[in-house]
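Structural overview for review
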Protein chains: 2
Amino acid sequence: MHAIWNKYPEIQSELYVVREIMEENARCKDKVIEASIKDLIQSGGKMIRPGFAVIASKFGDYKPERTRAMATVVEMFHMATLVHDDVIDDSKLRRGKETIQSKYGKEYAVYIGDYLFCICFKILASTASLQSIQIDSKAMSKICLGEVEQLNSRFQKEVSVKNYLKRISGKTAELFALSLYIGAAESDCDKKLSRLFWNIGHNIGMAFQIIDDLLDYTGTDKQLGKEAGHDLRDGIYTLPLIYALESKPADLIALLEKEELSEEDIQKIIELTHEYGGIDKARALAKKYTNKAYSFMKRLPDNKYKIMLQEITGELLDRVY
Amino acid sequence: MHAIWNKYPEIQSELYVVREIMEENARCKDKVIEASIKDLIQSGGKMIRPGFAVIASKFGDYKPERTRAMATVVEMFHMATLVHDDVIDDSKLRRGKETIQSKYGKEYAVYIGDYLFCICFKILASTASLQSIQIDSKAMSKICLGEVEQLNSRFQKEVSVKNYLKRISGKTAELFALSLYIGAAESDCDKKLSRLFWNIGHNIGMAFQIIDDLLDYTGTDKQLGKEAGHDLRDGIYTLPLIYALESKPADLIALLEKEELSEEDIQKIIELTHEYGGIDKARALAKKYTNKAYSFMKRLPDNKYKIMLQEITGELLDRVY
C-alpha cells in the first residue's frame, strides 16, 4: 500500500479490504487470467480514487459493504483504462512493472481491459442504487470519450486551452469527481453535499492532470517513472505547449512540423516551452484549480475526514508549487 | 436492413427504430467519433440479437420503449465486441466494409469499443430494472471471459471438446441467450418463461457458432465474406479440428506443429479434418443443439411469434444441413 495512507490507518485498513474484494472478483477458473489481474492489483498505484470514495462516505451514514464495493468499482475502472492506455502507448512499463500487453500481448490486454470493465458493472449492479449506476455509467462513458478525444487531437498544433481542459475533464477529473460523489451518495448524504463532493473531485482532478502534464516538461525520468517528453513523442500536446504556442512562435512551430523528432528536438521543444512561458502559465492554472478545490472543501462539515481530505489533496497536488 | 426481416414487417419496423436509437446514442460533439459509430451501425449485420429481444418481448406485456432499449443494448454490445475482435484479428474488412481499426487505427478502435461498452451500460441503467442490469452485466463479463479464453487456447493441440464448448458458450451463446431472456424479462414474462427463452437462446447460439466454425472448413471465400481457414491461421482450433485430432493422427499433428503454415498446409489441414471425420462430427453436434433449441421452442405458448422464432432459427441454422 502506498505510504500516503500510513497516516490514516482507518482508511488504509479499508483499502486493504478493497484490494481483497478486487482479488475476489478477479478469481476465475482460467489461472492465467487470474494471475494477470492479480499482478495488476498488486502492482497497485496510490489507491487515491478508492481512498476518496471511502473518505467521502464517512460524511454520511457509512455502510461498509456498499462503500467498499463503490471503492472497488472506481479503482477497477481506473485499472481497465490503464490497461487499454498501455496498449495504445505501447508501454513496456507501468509503475515500474512490466505491463500486461508487454507480458501477454496486445490482444490479451484488450480483452482483459474489457473484462475489467464488465466486472465493474457487475459489482455496481449488485451493490449500488439504480441512481448511482446511472451516474456511474454516464461518467464512465464520458471518460472513454475523453480518451478518444485525446487521440483525435494528436499532432494538432491548433488545440485550444478550452479543448484541452475539456479533454482532461473527461479523461481524469470525471473519475476523481465520481469517486468522491459516489462515496457520499451511497452513504445517503443529501444532494447538496454529494454535489459539493463532485465539485471538489472535479477540481482536484483538473489540477492533478495539469500537474501530471507539467511533469512531462519539468520532471526527471526518475521522478516520473517514465521518460520526460513522453507525451510529446506521442503527439499529445498538453497545456504547457498549448500555452507556449499561443503567441505562434515560428521556431517552436517549425520543430513540431518535423516528420520525426530527435532526442535533441524534444529537448529543444521543452526549452522553448519554458521560454515562451508555457510552464509558468500551466502551473498558475493548476494552482487555480487547486485553490478552487480547497475553497469547495472549506464548505464541508467540520470533522476529521475533512482535515484528512485537505491533507491528502496537499500531498497529491503540492508536487510542483 | 437484412432481408431476413422482410417477411416480418412488425419486427422490422421495430428494428429500424432500434437503429435510430443507436444513432441517437452515437451522437456527440466530436464528429469523427460520431461518423465512425454511424458507419458501424449502417454497415449493420443481420440484427439477429435485437430481433430476438423484440420477438421474446411480444410474449409478455410489451412495452415498446423498454424493449427497444434492451434491443439496442444487445446489438451495441455485440458491435463493441466486434470492434475489439477486429483489433485482435487485424481485420481489414468486416461485412465487406473497411473496419474501424483499418480506417482510423488500432488505438482508435480500442477506445471506440470501450465507449460503446459504456453506452450500453448507460442505456441499460436508464431503462432496465436493477435485476436485468445484474443479469446483463454478469452475461457481459462472461462474454469477455470467453474471448480471453479463446485467446489463451490458441495453438493448443490438446483443446478438449468440453473446453471448446465452454468457450463458445461464453463467447457466443451467452449473448443469444441474453437477448431472448432480456426481451422476455423486461416484458414481465414470468420466471419460467424467461428461463425457457434463455435456454432457447443458448442452444441457438451454440449451434450458430459451431456452424460458423464449420464454414471456416467448408465454405468458399465468397460465402464467408472472409477467407476460409482464417481461424486456423490465427491458431484458433475449432470443433472440426478438435474432433479430427481425437484419434491423434500423426500427419495432422505434424502439420500443426510447423512454425509457419503455407497456403498448401492450410488446404491440407482442411482436407485431413474432413478425412478424419471432424466435419461430420461437428455438423452432427450442431444439429443436436439445433434440435434442442427447437424442442425448447415447442414449449412456448402458441402464437405467431413462436412461428416467427422457429422460422428465423431455421434461416439461421439450416446453412449446413
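The shown structure was predicted, so the numbers you read here are calculated from the model rather than taken from an experiment.

**With respect to the overall build of chain A**
Within chain A one finds 16 helices and two strands. For chain A, whose C-alpha radius of gyration is 20 Å, the value lies close to the compact-globule estimate of 20 Å for 321 residues. Its C-alpha atoms give chain A principal-axis dimensions of roughly 60 × 50 × 35 Å. Burial analysis of chain A (321 residues in total) assigns 60% to the buried set. Contacts spanning at least 24 positions in sequence make up 74% of the contacts within chain A whose residues lie at least 6 apart. Accessible area of chain A: about 13100 Å², with a carbon and sulfur share of 49%. On chain A, the mean spot of the 46 positive side-chain charges and the mean spot of the 48 negative ones are 6 Å from each other.

**Focus: the environment of Glu311(A)**
Residue and element names in this part refer to chain A. Tracing the sequence through the fold places Glu311 in helix H16 (residues 304-317). The exposure class of Glu311 is partly exposed, given its relative accessible area of 33%. Sequence separation between Glu311 and Ile4 is 307 residues, and the spatial gap between their C-alpha atoms is 9.9 Å. Beyond its immediate sequence surroundings of up to four residues, Glu311 is in contact with Lys7 and Tyr8. At 2.4 Å, the side chain of Glu311 and the side chain of Tyr8 are in polar contact.

**Focus: the interface of chain A and chain B**
In this assembly, 41 residues from chain A lie in contact with 41 residues from chain B. Where chain A abuts chain B, roughly 3600 Å² becomes buried across the two surfaces, and 75% of that area is made up of carbon and sulfur atoms. At the junction of chain A and chain B, the tally comes to zero salt bridges. The interface formed by chain A and chain B includes eight residue pairs in polar contact (both at pLDDT 80 or more). Listed by contribution, the elements that provide at least two residues to the side of chain A that touches chain B are helix H2 (31-42), helix H4 (64-89), helix H6 (106-127) and helix H7 (130-152) of chain A. For the side of chain A that touches chain B, a count of residues per class yields 24 nonpolar, six polar and eleven charged.

**Let's talk about the confidence of the model for chain A**
Of all residues in chain A, 94% have pLDDT values of 70 or greater, and the mean over the chain is 89. As a predicted assembly, this complex carries a pTM of 0.84 together with an ipTM value of 0.78.

**What to know about the pattern of salt bridges**
Scanning the model with the defined rule gives 31 salt bridges over all chains in all. Lys304(A) is paired through a salt bridge with Glu10(A); the nearest N and O atoms lie 3.0 Å apart. Here Glu10(A) lies in helix H1 (residues 9-26) and Lys304(A) lies in helix H16, a separation of 294 residues in the sequence. Exposure remark for Glu10(A): the relative accessible area of 29% places this residue in the partly exposed category. Measuring nitrogen to oxygen at the nearest pair gives 2.9 Å for the salt bridge that ties Glu14(B) to Arg68(B). Of this pair, Glu14(B) sits in helix H1 (residues 9-26) while Arg68(B) sits in helix H4 (residues 64-89), and the two are 54 residues apart along the sequence. The network of salt bridges with common partners includes Glu10(A), Lys58(A) and Lys304(A).

**Topic: the packing of aromatic side chains**
Under the criterion given, the structure shown has 13 aromatic pairs over all chains. Seen in terms of ring centroids, Tyr181(A) and Trp198(A) are 5.6 Å apart; in terms of plane orientation they differ by 80 degrees. Their pairing is edge-to-face. Of this pair, Tyr181(A) sits in helix H8 (residues 161-185) while Trp198(A) sits in helix H9 (residues 191-218), placing them 17 residues apart in sequence. Accessibility assignment for this pair places Tyr181(A) and Trp198(A) in one class, buried. Between Phe59(B) and Phe197(B), the aromatic rings sit 5.0 Å apart at their centres with planes inclined by 70 degrees, giving edge-to-face as the arrangement. In this pair, Phe59(B) sits in the loop between helix H3 (48-57) and H4 while Phe197(B) sits in helix H9 (residues 191-218), placing the two residues 138 residues apart along the sequence. Considered together, Phe59(B) and Phe197(B) belong to a single accessibility category, that of buried residues. Sitting above the plane of the Tyr62(A) ring, Lys58(A) keeps its charged end 3.8 Å from the centroid.

**Observations regarding helix H6 (residues 106-127) of chain B**
Over its 22 residues, H6(B) runs 32 Å from end to end, which matches the ideal 32 Å to within 8%, given 1.5 Å per residue. In terms of burial, H6(B) is largely enclosed, as 18 of its 22 residues are buried.

**Some points on the packing of H6(A) against H4(B)**
As a packed pair, H6(A) and H4(B) sit with axes 9 Å apart at the nearest point and diverge in direction by 160 degrees. One element, H6(A), and the other, H4(B), form an angle in the roughly antiparallel class. Regarding H6(A) and H4(B), the two cross each other, and that crossing is right-handed. Every residue of H4(B) that contacts H6(A) at Glu107(A), Val110(A), Tyr111(A), Asp114(A) and Cys118(A) is listed here: Phe77(B), His84(B), Asp85(B), Val87(B) and Ile88(B). Tallied by class, the residues present in the contact of H6(A) with H4(B) amount to six nonpolar, one polar and three charged.

**Details of the side chain of Asn203(B)**
Residues and elements named next belong to chain B. Here Asn203 shows up in helix H9. Judged by relative accessible area, which is 3%, Asn203 ranks as buried. Ignoring sequence-local partners within four residues, the contact set of Asn203 consists of Tyr289, Lys292, Ala293 and Phe296.

**Some thoughts on the relation of the copies chain A and chain B**
In the superposition of chain A on chain B (RMSD 0.0 Å, axial shift 0.0 Å), the rotation amounts to 180 degrees. The superposition of one copy onto the other is thereby described by a two-fold rotation axis. Taking the C-alpha atom as reference, chain A places Leu130(A) closest to the rotation axis, 3.2 Å from it. In this assembly the copies share their binding face: 100% of the residues contributing to the interface of chain A also contribute to that of chain B.

**Points about unusual backbone geometry**
Despite not being glycine, Asp188(A) has its phi angle at roughly 60 degrees, a positive value. With respect to the helices and strands, the residue Asp188(A) is situated in the loop between H8 and H9. Judged by its relative accessible area of 52%, Asp188(A) is exposed. We note that Lys248(B) has phi near 50 degrees; this positive angle belongs to a residue other than glycine. Along the chain, Lys248(B) falls in the loop between helix H12 (239-244) and helix H13 (250-256).

**Here's the deal with the packing of helix H3 (residues 48-57) of chain A against H16(A)**
All names here are of chain A. Closest axis-to-axis distance for the H3/H16 pair is 10 Å, and the angle between their directions is 160 degrees. Overall, the two elements H3 and H16 adopt an arrangement that is roughly antiparallel. Crossing of H3 against H16: the hand is left-handed. When H3 is examined against H16, the residues Ile48, Phe52 and Ile55 are found in contact with a partner set consisting of Tyr305, Met308, Leu309, Ile312 and Leu316. Looking at side-chain class alone, the contact of H3 with H16 contains eight nonpolar, no polar and no charged residues.

Reading the values: the criteria
Residues numbered from 1 in each chain as written. Chains lettered and ligands numbered in written order. Predicted model: local features only at pLDDT ≥ 70, side-chain atom pairs only at ≥ 80, totals over all residues. Heavy atoms only, no water. Helix = DSSP H or I, 4+ residues; strand = E, 2+ residues; numbered from the N terminus. Rg over C-alpha atoms; globule rule 2.2 N^0.38 Å. Buried < 20%, exposed > 50% of the residue type's maximum accessible area, 1.4 Å probe, protein only. Contact = heavy atoms within 4.5 Å. Areas by Shrake-Rupley, 256 points an atom, 1.4 Å probe, with all protein chains shown as cover. Lys, Arg positive; Asp, Glu negative; His and termini not counted. Charge placed at Lys NZ, Arg CZ, Asp CG, Glu CD. Polar contact = N/O pair within 3.5 Å; in protein donor to acceptor, adjacent residues only side chain to side chain. Buried area = accessible area lost by both parts, 1.4 Å probe. Salt bridge = Lys/Arg side-chain N within 4 Å of Asp/Glu carboxyl O. Nonpolar A, V, L, I, M, F, W, Y, C, P; charged D, E, K, R; others polar. pLDDT = per-residue confidence, 0-100. Phe/Tyr/Trp six-rings, centres within 6.5 Å; stacked < 30°, edge-to-face > 60°. Lys NZ or Arg CZ within 6 Å of the ring centre and 35° of its normal. Expected span 1.5 Å × (residues − 1). Axes fitted to C-alpha atoms, helices over the stretch in contact; angles between N-to-C directions. Parallel < 35°, antiparallel > 145°, perpendicular 65-115°, else oblique. Left-handed = near helix turned anticlockwise from the far one by under 90°. Least-squares fit on C-alpha atoms with pLDDT ≥ 70 in both.

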